[in-house]
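Breakdown of the fold
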Amino acid sequence: MATAALVLAILGLAAFLLGFLGLLFFVNLPLSLLALILGAVGRGRVDRGQRREGREVASAGMALGIVGVAVGLIGLAVWIAILVGLGQLVSDSAPPPDTQLALLRALPMSLR
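Presented here is an overview of the structure given in this document. Keep in mind the model is a prediction, meaning the values are calculated, not measured.

**Some words on helix α2 (residues 25-48)**
Taking 1.5 Å as the rise per residue, α2 with 24 residues should run 34 Å; its terminal C-alpha atoms sit 34 Å apart, in good agreement. Listed in full, the buried residues belonging to α2 are Phe 25, Asn 28, Leu 29, Ser 32, Ala 35, Leu 38, Gly 39, Gly 42, Gly 44 and Val 46. Among the residues trailing α2, Gly 49 stands out with phi positive, at a value near 90°.

Shown next, in the form of structure tokens:
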């Protein structure tokens, strides 16, 4: 569990860093969440005495999982802001409906 947590956390952070402005947050978030969960389970097994080693690796997986979730959520927020901004830009650039009607009336009958 501890090694899996660390590997998933590293893969999650790599996916975030390789994507443009966190575009791969949808890969980063599940991997980082799994790393966080597996790290907690692995650390719990060491604390209960079911395993003798791996606490440090599990803790590293948990820590990187937390960082991965945080940057993934930031990436998600950035892309939501970008998409909302683009939506407002597109809606602001369209002429008002009365202008569209006036332009249609100004066209000759043969072009309508």
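There's plenty left to go through after this.
**Notes on the side chain of Ser 32**
Mapped onto the elements, Ser 32 comes out in helix α2. With near-sequence residues (within four places) excluded, Ser 32 lies in contact with Gly 12, Gly 65, Gly 68 and Val 69.

**Let's talk about a nonpolar patch on the surface**
On the surface, Met 1, Ile 37 and Val 41 cluster together to form a nonpolar patch covering roughly 250 Å² of accessible area. Topologically, Val 41 is positioned in helix α2. Accessibility expressed as a relative area gives 33% for Val 41, which makes it partly exposed.

Definitions and limits used
- Residues numbered from 1 in each chain as written.
- Predicted model: local features only at pLDDT ≥ 70, side-chain atom pairs only at ≥ 80, totals over all residues.
- Heavy atoms only, no water.
- Helix = DSSP H or I, 4+ residues; strand = E, 2+ residues; numbered from the N terminus.
- Expected span 1.5 Å × (residues − 1).
- Buried < 20%, exposed > 50% of the residue type's maximum accessible area, 1.4 Å probe, protein only.
- Contact = heavy atoms within 4.5 Å.
- Patch = residues over 30% accessible without salt bridge, like charges linked within 9 Å, V, L, I, M, F, W, Y side chains within 5 Å.
- Areas by Shrake-Rupley, 256 points an atom, 1.4 Å probe, with all protein chains shown as cover.
- Salt bridge = Lys/Arg side-chain N within 4 Å of Asp/Glu carboxyl O.

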